[in-house]
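Breakdown of the fold
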Amino acid sequence: NAGVMQNPRHLVRRRGQEARLRCSPVKGHSHVYWYRQLPEEGLKFMVYLQKENIIDESGMPKERFSAEFPKEGPSILRIQQVVRGDSAAYFCASSPNQANEQFFGPGTRLTVL
Amino acid sequence: QQQVKQSPQSLIVQKGGISIINCAYENTAFDYFPWYQQFPGKGPALLIAIRPDVSEKKEGRFTISFNKSAKQFSLHIMDSQPGDSATYFCAAGGSDSGGYQKVTFGTGTKLQVIP
């Protein structure tokens, strides 16, 4: 019974490079959420996706950030042309339906040099 | 903007003592109030949750108290142990104008239980 899996766990990028963060939800879960957590801060909602659809991206910066959850494969959070301010922990959560309980992955810690 | 305000930011409790973390919300449409526990380097894990039809829910040493009229809820950790040292997040969930469930998190409380 695998929980939410995220990879890589740690990612180092230089300014201007692209970062791709992957999230495999709990088997059977079709709802995925991405959050960002800065050091010593809370979780900030970024985007909510169902299979092949973006439901709510109100928390995602308008530029450089994109997310997808294809029919097959993991959900991807993509950050283009990373800047130092993108350094944070990015968490993915999944749920089986629109129920409230979300199961979190271990996170990807992105460091931008 | 929907907000959930959490306090204190940090808390130090003696082993065996009671840890109390408070949260307040604004949106009366919220109908689900979970608490998450996060250890350093790990993702948040659901600890306990409550719906507004009850005023209290207890699971082991963890109790949620809910005051609907005041729009406040709190987490009590009885007989606090060093292993409880973690960051605790309250959250509130409910349907937004788009009709889907959305969860808003508080800013977190870093709890340290000292022997």
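Here we summarise the structure given alongside this text. Each chain carries its own residue numbering, running from 1 in the direction its sequence is written. Labels follow written order: the first chain is A, the first ligand is 1, and so on. Local features in this predicted model are restricted to residues of pLDDT 70 or higher, and side-chain atom pairs are both shown and tallied only at a pLDDT of 80 or more, whereas totals for entire chains, interfaces and linings draw on every residue. Hydrogens and waters are ignored; side-chain quantities use all the structure's heavy atoms.

Residues and elements named next belong to chain A. Strands are labelled as partners when DSSP assigns at least two bridges between them. Helix numbers and strand numbers start at the N terminus; a helix is a DSSP run of H or I with at least 4 residues, a strand a run of E with at least 2. Taking strand neighbours across the sheet as the criterion, the 4 strands line up as 1-3-8-7 in an open arrangement whose pairing is antiparallel. Edge positions in the sheet fall to strand 1 (5-7) and strand 7 (65-68), since each has one partner strand and no second. The mean inter-strand angle of the sheet, taken between neighbouring strand axes irrespective of direction, is 15°. Relative to strand 8 (residues 75-79), strand 7 is paired through 4 bridges, and the arrangement is antiparallel. Across the sheet, the residue bridging to Glu-68 is Ile-76, located in strand 8. Axis geometry follows a simple rule: fit a line to the C-alpha atoms, using only the stretch in contact for helices, then measure angles between N-to-C directions, giving values from 0 to 180 degrees.

Pairs of residues are marked as contacts when any of their non-hydrogen atoms sit within 4.5 Å. Taken together, the 22 residues of chain B in the interface contact 21 residues of chain A. Buried area: the accessible surface (1.4 Å probe) lost by two parts on joining, summed over both. Between chain B and chain A lies a buried interface of about 1,700 Å² when both sides are counted; carbon and sulfur atoms form 51% of it. Any Lys or Arg side-chain nitrogen located within 4 Å of an Asp or Glu carboxyl oxygen qualifies as a salt bridge. Our enumeration of links across chain B and chain A arrives at 0 salt bridges. For this analysis, a polar contact is any N or O atom pair within 3.5 Å, provided that within protein one partner can donate a hydrogen and the other can accept it, and provided that sequence-adjacent residues contribute only side-chain to side-chain pairs. Where chain B touches chain A, the interface holds 3 residue pairs in polar contact (both at pLDDT 80 or more). For the side of chain B that touches chain A, the secondary structure elements donating two or more residues are strand 4 (33-38), strand 9 (86-95) and strand 10 (101-105) of chain B. Top element by residues in the side of chain B that touches chain A is strand 10 of chain B. It accounts for 4 residues. Three residue categories are used. Nonpolar comprises Ala, Val, Leu, Ile, Met, Phe, Trp, Tyr, Cys and Pro, charged comprises Asp, Glu, Lys and Arg, and polar comprises the others, including Gly. Looking at side-chain class alone, the side of chain B that touches chain A contains 8 nonpolar, 9 polar and 5 charged residues.

All right, on to the nonpolar core then. Of all hydrophobic cores here, the largest spans 24 residues; its most connected members are Phe33(B), Trp35(B), Phe73(B), Leu75(B), Tyr88(B) and Leu111(B). Taken together, the elements giving at least two residues each to this core come down to strand 2 (10-14), strand 3 (19-25), strand 4, strand 5 (45-50), strand 7 (62-67), strand 8 (72-77), strand 9 and strand 11 (109-114) of chain B. The greatest single-element share of this core, amounting to 4 residues, is contributed by strand 9 of chain B. The next biggest cluster of nonpolar side chains, apart from the first, holds 23 residues, and it includes Val4(A), Val32(A), Trp34(A) and Leu77(A). Throughout this description, the term nonpolar core refers to a set of buried Ala, Val, Leu, Ile, Met, Phe, Trp, Tyr and Cys residues connected via side-chain atoms within 4.5 Å. Three labels apply to residues, based on accessible area from a 1.4 Å probe with only protein chains included: buried if under 20% of the type maximum, exposed if over 50%, partly exposed otherwise in between.

Attention now moves to the layout of surface pockets. Detection works on a 1 Å grid of protein atoms alone, calling trapped sets that fit a 1.4 Å probe cavities and calling open sets with protein on both sides within 12 Å along at least five of seven lines pockets, with lining residues defined by an atom within 4 Å of a point. Grid points are joined across faces, edges and corners, and a volume is the space filled by probe spheres set on the points. Estimated volume of the largest pocket: approximately 570 Å³. Forming the boundary of the largest pocket are 24 residues, of which Gln37(A), Glu40(A), Glu41(A), Gln38(B) and Thr87(B) lie nearest the centre. Broken down by secondary-structure element, the contributors of at least two residues to the lining of the largest pocket are strand 9 (88-95) of chain A together with strand 9 and strand 11 of chain B. Class assignment of the residues belonging to the lining of the largest pocket gives a composition of 9 nonpolar, 10 polar and 5 charged.

All names here are of chain B. Along the chain, Ser-19 falls in strand 3. Residue classification places Ser-19 among the buried positions, given a relative accessible area of 0%. A polar side-chain atom of Ser-19 sits 2.8 Å from a polar atom in the side chain of Ser-80. Not counting residues within four places of it along the chain, the set of residues in contact with Ser-19 comprises Leu-11, Val-13, Leu-75, His-76, Ile-77, Ser-80 and Leu-111.

All names here are of chain B. In this structure, strand 3 lies alongside strand 8, joined through 6 bridges in antiparallel fashion. Counterpart to Ser-19 in the pairing with strand 8 is Ile-77. The sheet contact formed by strand 7 and strand 8 spans 6 bridges and is antiparallel. Bridged to Phe-66 within strand 8 is Phe-73.

All names here are of chain B. The strand order across the open sheet built from 5 strands is 1-3-8-7-6, with neighbouring strands paired in antiparallel fashion. Every other strand in the sheet has two partners, leaving strand 1 (4-7) and strand 6 (56-59) as the edge strands with one partner each. Strand-to-strand twist in this sheet, taken as the mean axis angle between neighbours without regard to direction, amounts to 15°.

Another point: unusual backbone geometry. Residue and element names in this part refer to chain A. A cis amide bond links Asn-7 with the next residue in sequence, Pro-8, at an omega value of -5°. Considering the arrangement of structural elements, one finds Pro-8 in the loop between strand 1 and strand 2 (10-13). Even without being a glycine, Glu-52 presents a positive backbone phi close to 70°. Note that Glu-52 resides in the loop between strand 5 (43-50) and strand 6 (53-56). Unusually for a residue other than glycine, Gln-81 sits at a positive phi of about 45°. Along the polypeptide, Gln-81 turns up in the loop between strand 8 and strand 9.

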